[in-house]
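# Fold and contact review
The residues making up each chain are set out below.
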Amino acid sequence: MNYNNSKRIFSVLMISFFLLAMLAMPAMAAGEFTVIRTISDTEVCAGDTVRVTLALTANQYMEAPAIQEELPSGWELTEVSDSGTYKEETTEWIWSSKMNQGNQKTVIYDLTVPEGTEAGVYNLSGSATAFEIDEISTTGDSQITVVDVVADFTSNVTSGDAPLAVKFTDISIAATSWQWDFDEDGVIDSTEQNPEYTYAEAGVYTVKLTASDGDSSVTETKTDYITVSLDAGFSANATSGNAPLTVKFTDTTSGAVSWEWDFDGDGTVDSTEQNPVHTYTSLGDYTVKLTAYGNGNSDSVTKGDYISVTSGSGSTLDADFTVNDTSGQAPLSVKFTDLSTGSITSWQWDFDYDGIIDSTEQNPVYTYTENGTYTVKLVVSDGSDSDALTRTGYIVVSDEEDDDDTYNAYEATAVSLSATIIPAISIEVTPGALNFGTLSAGEISDEHTLHIKNKGATDAKVTAQVTDVAKGLYEDGLMLNSGTWDGYSNVVESETTEDVQASLHVPNDFIGIGSMEGKLVFWAEVS
């Protein structure tokens, strides 16, 4: 398959596939030979089937090895693969061949727990012999615990901003009722099998599921399973006006439980209310900062020059100024010339916009000794009223010489810009994980439904790609809509959802055992 990622706009979602068993690999013991038993799942319910692997390794030359198993009474053994002769009446495998040091023989069989088996711990034992070599005991896994019910679950997401909606999926065994505690407060939040829950506040949450079959129950606890983050935000009913200007601020953060407001950018907390009211009595442009907190999380948002306060009551003052140079090398001496109009009696200059008055002269000279871009502010007053002018990024001091001799041929002022962009392509696939169950070579799983939602602004062409570390299991056997995954292609219209049926066809010659993991990647591009 050829994927030209450089020519497409895409979004990627990954779905991880997990079987229920994990493969343990104990280290080889010393001696003439060893036999190690591995059980695919050591905690099961009555009626379940586990896979057992016996690995015989020769540590020296040997002849005619044999392995014998002792199983719980009534448990059914089904051969899967071996290279020797199996004797059912003694549960024994015999080889007539010779083995050199390092050679290995492997026996694989399935073991089914009878229906009605009582809960408890059941032992497996075994031994091995060879010609003129003493009998040894089989090592490795030796116990299987039979339980009445197994509790387990997954979710479509485990982290995100508040409010975070989470869909939980029950994957328990033999359960007939469920009790969910989504925040470990000891209160049952749902008794549905596959509930949805929205976390309104930020924090890290432990989720607990208690599953029951009517006679017994078991609890699965996943600590710190859900992480809900903050995204601080706020608005104001007014951002400009004459002094005194009263502004009502509205917190738009989701999931916050406490707040710290700085209304004038001086680093001091002015209010801890959620939706405070503040009155600006002095002229100027004010930066506002909100820091929101929620259950161990925090986030801040700062809006520069967000509030602009001007003079009122029909003032005739109009602050204005110019300079002889707006750029040059440090040290740069700049002469400021007042052009304000009105009956002005005082001037306040802030040459670097740090909130400190640098000069009260009408036409001062100021030297910039360090490189940088400087904002300049002038406040003029007639004793009873005032007006202010701020020029953002007005003076530029750098190491490079200015080749333009017409320094005063231009001036700059800033305009704040904002826009909300909807992504052209954004797809969401649920659920985020599929479990095809326990399968053998040649078997076909049940179909599972995937939902592909196009949340973008345009129609999207969706294709699929599979990667796995399972000896090609998913690359060879994953089917989408009854066809091979590499032939899947579908156009999902904007703001619509398409369903995909996924199943796993285990190849007849597949020899892998244990947990088989893989990833299914959906690619989306503009249709």
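Notes on the structure in this doc start here. Keep in mind that what you see is a predicted model, and the values were worked out from it rather than measured. (Residues numbered from 1 in each chain as written. Predicted model: local features only at pLDDT ≥ 70, side-chain atom pairs only at ≥ 80, totals over all residues. Heavy atoms only, no water.)

### What about the overall build of the chain?
We count it as follows: Where helices and strands are cited, they refer to DSSP runs of H or I of at least four residues and of E of at least two residues respectively, numbered from the N terminus. Burial classes follow relative accessibility: with a 1.4 Å probe on protein chains only, a residue under 20% of its type's maximum area counts as buried, one over 50% as exposed, and anything between as partly exposed. Residue contacts are counted whenever heavy atoms from the two residues lie within 4.5 Å of one another. With residues, only the protein chains shown are counted as cover, and all accessible areas are computed by Shrake-Rupley using a 1.4 Å probe.
Along the backbone of the chain there are one helix and 46 strands. Relative to its 527 residues, the chain shows a buried fraction of 39%. Once local pairs closer than 6 in sequence are excluded, the contacts in the chain between residues at least 24 apart make up 68%. Total accessible area on the chain is roughly 27100 Å²; 44% of this is exposed by carbon and sulfur atoms.

### Comments concerning the pattern of salt bridges
Quick reminder of the rule: Criterion for a salt bridge: a side-chain nitrogen of Lys or Arg within 4 Å of a carboxyl oxygen of Asp or Glu.
As enumerated under the stated definition, the model contains five salt bridges in all. A salt bridge links Lys 222 to Asp 152, with the shortest nitrogen-to-oxygen separation between them at 3.5 Å. Residue Lys 222 is found in strand 23 (residues 217-229), and its partner Asp 152 is found in the loop between strand 16 (143-146) and strand 17 (153-155); the two are separated by 70 residues along the sequence. Here Lys 222 falls in the buried class, since its relative accessible area comes to 19%. Residue Asp 152 is classed as partly exposed on the basis of its relative accessible area of 24%. When the shortest N-O distance is used, the salt bridge between Glu 428 and Lys 455 registers 3.8 Å. You can see Glu 428 sitting in strand 38 (residues 427-430) and its partner Lys 455 sitting in the loop between strand 40 (448-454) and strand 41 (460-468), a full 27 residues away along the chain.

### Here we look at the environment of Tyr 488
Following the sequence through the fold, Tyr 488 ends up in the loop between strand 43 (483-484) and strand 44 (489-492). The class of Tyr 488 is buried, set by a relative accessible area of 7%. Residues Tyr 488 and Val 462, spaced 26 residues apart in sequence, show a C-alpha to C-alpha distance of 8.2 Å.

### Notes on the side chain of Ser 212
Counting through the fold element by element, Ser 212 comes out in strand 22 (residues 203-212). Apart from the residues within four sequence positions on either side, Ser 212 is in contact with Val 149, Ala 174, Ala 175, Thr 176, Ser 177 and Ser 217.

### Considering the nonpolar core
A general feature of soluble globular proteins is that nonpolar side chains tend to end up buried together. As a reminder of what qualifies: Within this scheme, the nonpolar core is defined by two criteria: the residues are buried Ala, Val, Leu, Ile, Met, Phe, Trp, Tyr or Cys, and they are joined through side-chain atoms within 4.5 Å.
Core analysis: the largest hydrophobic core is formed by 27 residues, its most contacted members being Leu 450, Ile 452, Leu 480, Tyr 488, Leu 520 and Phe 522. For this core, the elements supplying multiple residues, two or more each, are strand 38, strand 40, strand 41, helix 1 (473-477), strand 42 (478-480), strand 45 (497-504) and strand 46 (518-526). Of all hydrophobic cores here, the second largest spans 26 residues; its members include Trp 75, Met 99, Tyr 109 and Val 146.

### Quick word on the sheet that holds strand 17
Rules: Should DSSP find at least two bridges between two strands, the strands are regarded as paired. Only C-alpha atoms enter the line fits that serve as axes; for helices the fit covers just the stretch in contact. Angles between N-to-C directions range over 0 to 180 degrees.
Overall, antiparallel pairing links the three strands, which are arranged 17-19-21 in an open sheet. Strand pairing shows two members of the sheet lacking a second neighbour, strand 17 and strand 21 (196-199), which therefore form its edges. In this sheet, adjacent strand axes meet at a mean angle of 30 degrees when their direction is disregarded. Bridging between strand 19 (residues 164-170) and strand 21 involves four bridges; their strand directions are antiparallel. The residue bridging Ala 165 from the neighbouring strand is Thr 198, located in strand 21.

### Examining the environment of Glu 63
How we decide: Pairing of N or O atoms within 3.5 Å defines a polar contact, subject to two protein rules: one partner must be a possible hydrogen donor and the other a possible acceptor, and residues neighboring in sequence count only if both atoms are side-chain atoms.
Following the sequence through the fold, Glu 63 ends up in strand 5 (residues 62-63). With a relative accessible area of 26%, Glu 63 lands in the partly exposed category. With near-sequence residues (within four places) excluded, Glu 63 lies in contact with Ser 97, Lys 98, Ala 130 and Phe 131. At 2.7 Å, the side chain of Glu 63 forms a polar contact with the side chain of Tyr 61.

### Some remarks on the packing of aromatic side chains
Quick note on the threshold: Only the six-membered ring of Trp is used, alongside the rings of Phe and Tyr, when aromatic pairs are assigned; centres must lie within 6.5 Å, and planes under 30 degrees apart are stacked while those over 60 apart are edge-to-face, with the rest tilted. Over a ring means this: the NZ of a Lys or the CZ of an Arg is within 6 Å of the ring centre and within 35 degrees of the ring normal.
A complete count under the given rule lists 29 aromatic pairs for this structure. Ring geometry for Tyr 280 versus Tyr 286: centroids 4.7 Å apart, planes at 40 degrees, classification tilted. Taken together, the ring pairs in this structure connect Phe 153, Phe 168, Trp 180, Phe 182, Tyr 197, Tyr 199, Tyr 205 and Tyr 225 into an aromatic cluster. One residue, Lys 222, lies across the ring of Phe 153, its end atom 4.5 Å from the ring centre. Positioned above the aromatic ring of Phe 234, the side-chain terminus of Lys 303 is 4.4 Å from the ring centre.

### A short note on unusual backbone geometry
Looking along the chain, the bond that leaves Ala 243 and enters Pro 244 is cis, with omega of -5 degrees. Tracing the chain through its elements places Pro 244 in the loop between strand 25 (240-242) and strand 26 (245-251). The omega torsion of the bond from Ala 330 to Pro 331 falls at -5 degrees, within 30 degrees of zero and hence cis. For Pro 331, the location among the structural elements is in the loop between strand 32 (327-329) and strand 33 (332-338). For Ala 64, which is not glycine, the phi torsion reads 50 degrees and is therefore positive. Within the chain, Ala 174 stands out as a residue other than glycine whose phi angle is a positive 70 degrees.

### Remarks on the sheet that holds strand 27 (residues 258-262)
Reading across from one edge, 25-30-29-27 is the order of the four strands in this open sheet, with mixed pairing throughout. Looking at the sheet topology across the chains shown, the edges are occupied by strand 25 and strand 27. Direction aside, neighbouring strands of the sheet carry axes that sit 25 degrees apart on average. Across three bridges, strand 25 lies against strand 30 (residues 297-310) in parallel orientation. Residue pairing for strand 30: Gly 241 is matched across the bridge by Val 309.

### Quick word on the pairing of strand 40
Where strand 38 and strand 40 come together, four bridges link them in antiparallel fashion. By the bridge assignment for strand 40, Glu 428 is matched with Lys 453. Relative to strand 45, strand 40 runs antiparallel, the two being bridged by six bridges. Across the sheet, the residue bridging to His 448 is Ala 502, located in strand 45.

### Structural notes on the pairing of strand 11 (residues 104-112)
Sheet topology note: the strand 4 (residues 49-58)/strand 11 ladder contains nine bridges and is antiparallel. Note on strand 11: the bridge partner recorded for Thr 49 is Thr 112. Bridge analysis of strand 7 (residues 76-81) against strand 11 gives five bridges, and the strand direction is antiparallel. Note on strand 11: the bridge partner recorded for Ser 81 is Ile 108.

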